[in-house]
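Structural description and commentary
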Amino acid sequence: MATAIKESGSAAQSAAGFTNPDPATIDRLEGKVSDAEWKLRCDLAATYRLCAMHAWTDLVFTHISVRLPDEDGEERFLINPYGVMFDEMTASSLIKIDIQGNIKQDTPYFINPAGFTIHSAVHSAREDAGCVIHVHTPYGIAVSVQKEGLRRYTQFSMQVHDDLAYHDYEGIALDLDERERLIADIGEKNLLILRNHGTLTIGKNCAGAFLRMYLLENACKTQILAQAVGDQAALHEEPETMGARVFQQASPLFMPGMGDNLVWPGLMRKLKRTNPGHEH
């Protein structure tokens, strides 16, 4: 159940001279957490590695989170350990936190408070936010600085255009007050462009959030490539009516059991072939 945001202590614990262990060497948590939590840990670790596979990383400076089952009547979430690269993320290295950002497990790692600011805002307001992906990519940021944002130039963009919101830049997301404005801006939408900053998607699960990010990032990339031919007069943009039609045509992709079953199993097989180890 979504809850109100409280401003309490940060889970960040960094200090001069700290070290982060190799995530492949820490104790495996399978059997030490519930089956439901272990599955979500594996899915989230896989999502980090898939983002690395698609070059959606900014070293260690972006974040993906999932909602866990409540514990003792309190919400729990998983987020990445700060300093672990996306392509080496493991299920056991992920950090369990509460809505205030307090770490709720034994771990040698700490988290990034800026990443938690954004994710805690979305999770607190949206009970349907099972997974939240936030990335900084060159194409996504390039579109975020454009006054008119994402245009209906391509099928990629029209599949998500009508489910997209915008949030104005307020600096690095360290100010807890920003969370209420971010919540207001995203409303009931499932995709967000953070002006001058990056992109964000919401899904009921990792598969849904990843699929939305795939479409959004490709929409941004193709827009920038198309704009290389010249100004707006050189480009054809579809009207709102066509955008609405394509959005409705694509909506079954995000129904539970549809797009996730079509795409996710194949992605897991590809990950197993090319970058195994996320299930440690």
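Residues numbered from 1 in each chain as written. Predicted model: local features only at pLDDT ≥ 70, side-chain atom pairs only at ≥ 80, totals over all residues. Heavy atoms only, no water.

Along the backbone of the chain there are 8 helices and 7 strands. Here the C-alpha atoms of the chain give a radius of gyration of 19 Å, agreeing with the 19 Å that 2.2 N^0.38 yields for 280 residues. By its C-alpha atoms, the chain is 55 × 40 × 35 Å across when sized along the principal axes. Long-range contacts, defined here as pairs at least 24 residues apart, represent 71% of the contacts in the chain between residues at least 6 apart. Accessible area of the chain: about 12900 Å², with a carbon and sulfur share of 53%. (Helix = DSSP H or I, 4+ residues; strand = E, 2+ residues; numbered from the N terminus. Rg over C-alpha atoms; globule rule 2.2 N^0.38 Å. Contact = heavy atoms within 4.5 Å. Areas by Shrake-Rupley, 256 points an atom, 1.4 Å probe, with all protein chains shown as cover.)

Here we come to the pairing of strand β1 (residues 63-71). With 4 bridges joining them, β1 and strand β4 (residues 131-135) adopt antiparallel strand pairing. From the neighbouring strand, Ser65 faces β4, where its bridge partner is Val132. Examined bridge by bridge, β1 and strand β2 (residues 74-79) share 4 bridges and lie antiparallel to one another. Paired with Glu71 across the two strands is Glu74, which belongs to β2. (Pairing = 2+ DSSP bridges.)

Right, let's talk about the packing of helix α1 (residues 35-53) against helix α8 (residues 259-274) for a bit. In contact at an axis separation of 11 Å, α1 and α8 are set at 75° when each is read in the N-to-C sense. Here α1 lies roughly perpendicular to α8, going by the angle between them. Where α1 abuts α8, its residues Asp43, Ala46, Thr47, Arg49, Leu50 and Met53 lie against Trp264, Leu267, Met268, Lys270, Leu271 and Thr274. For the contact of α1 with α8, a count of residues per class yields 7 nonpolar, 2 polar and 3 charged. (Axes fitted to C-alpha atoms, helices over the stretch in contact; angles between N-to-C directions. Parallel < 35°, antiparallel > 145°, perpendicular 65-115°, else oblique. Nonpolar A, V, L, I, M, F, W, Y, C, P; charged D, E, K, R; others polar.)

It is worth spelling out the side chain of Glu75 at this point. With respect to the helices and strands, Glu75 occurs in strand β2. A polar contact is formed between the side chain of Glu75 and the side chain of Arg67, at a distance of 2.8 Å. (Polar contact = N/O pair within 3.5 Å; in protein donor to acceptor, adjacent residues only side chain to side chain.)

This next bit is on the packing of aromatic side chains. Following the criterion strictly, the structure yields 5 aromatic pairs and no others. Ring plane angle 80° and centroid distance 6.2 Å describe the contact between Phe61 and Tyr82, whose orientation is recorded as edge-to-face. Here the residue Phe61 occupies a position in the loop between α1 and β1, and Tyr82 occupies one in the loop between β2 and β3 (95-97), the gap between them amounting to 21 residues. What links up through ring pairs into an aromatic cluster is the set Phe61, Tyr82 and Phe110. The lysine or arginine in question, Arg212, covers the ring of Phe254, its NZ or CZ lying 4.3 Å from the ring centre. (Phe/Tyr/Trp six-rings, centres within 6.5 Å; stacked < 30°, edge-to-face > 60°. Lys NZ or Arg CZ within 6 Å of the ring centre and 35° of its normal.)

Bringing the pairing of strand β5 (residues 164-167) into the picture now. One ladder, built from 4 bridges, connects β5 with strand β6 (residues 191-194); its direction is parallel. Paired with His167 across the two strands is Leu194, which belongs to β6. Considered for its hand, the β-α-β crossover made up of β5, helix α5 (residues 178-186) and β6 is right-handed. (Right-handed = clockwise from strand over helix to strand, strands pointing away.)

Strand order in the open sheet formed by 7 strands is β3-β2-β1-β4-β7-β6-β5, and the pairing between neighbours is mixed. Edge positions in the open sheet fall to β3 and β5, since each of these has one partner strand only. Looking at each pair of strands side by side, their axes are set apart by 25° on average, direction ignored. Set on the sheet, helix α2 (residues 113-125) makes contact with β1, β2, β3, β4, β6 and β7 (198-203); between it and β1 the angle comes to about 50°. Most of the contacts of α5 go to β5, to which it runs at about 150°, and overall it touches β5, β6 and β7.

Now for a nonpolar patch on the surface. A contiguous nonpolar surface patch, about 260 Å² in accessible area, is contributed by Leu59, Phe61 and Met85. Exposure remark for Phe61: the relative accessible area of 38% places this residue in the partly exposed category. (Patch = residues over 30% accessible without salt bridge, like charges linked within 9 Å, V, L, I, M, F, W, Y side chains within 5 Å. Salt bridge = Lys/Arg side-chain N within 4 Å of Asp/Glu carboxyl O. Buried < 20%, exposed > 50% of the residue type's maximum accessible area, 1.4 Å probe, protein only.)

Okay, helix α7 (residues 240-250) next. Within α7 the residues assigned to the buried category are Gly243, Val246, Phe247 and Ala250. Viewed end-on, α7 has its buried residues packed into an arc of 105°, placing them on one side of the element. Exposed and oriented more than 90 degrees from the buried face of α7 are Thr241, Arg245, Gln248 and Gln249. Tucked inside the fold, the buried residues of α7 contact α4 (155-158). (Arc of directions from axis to C-beta.)

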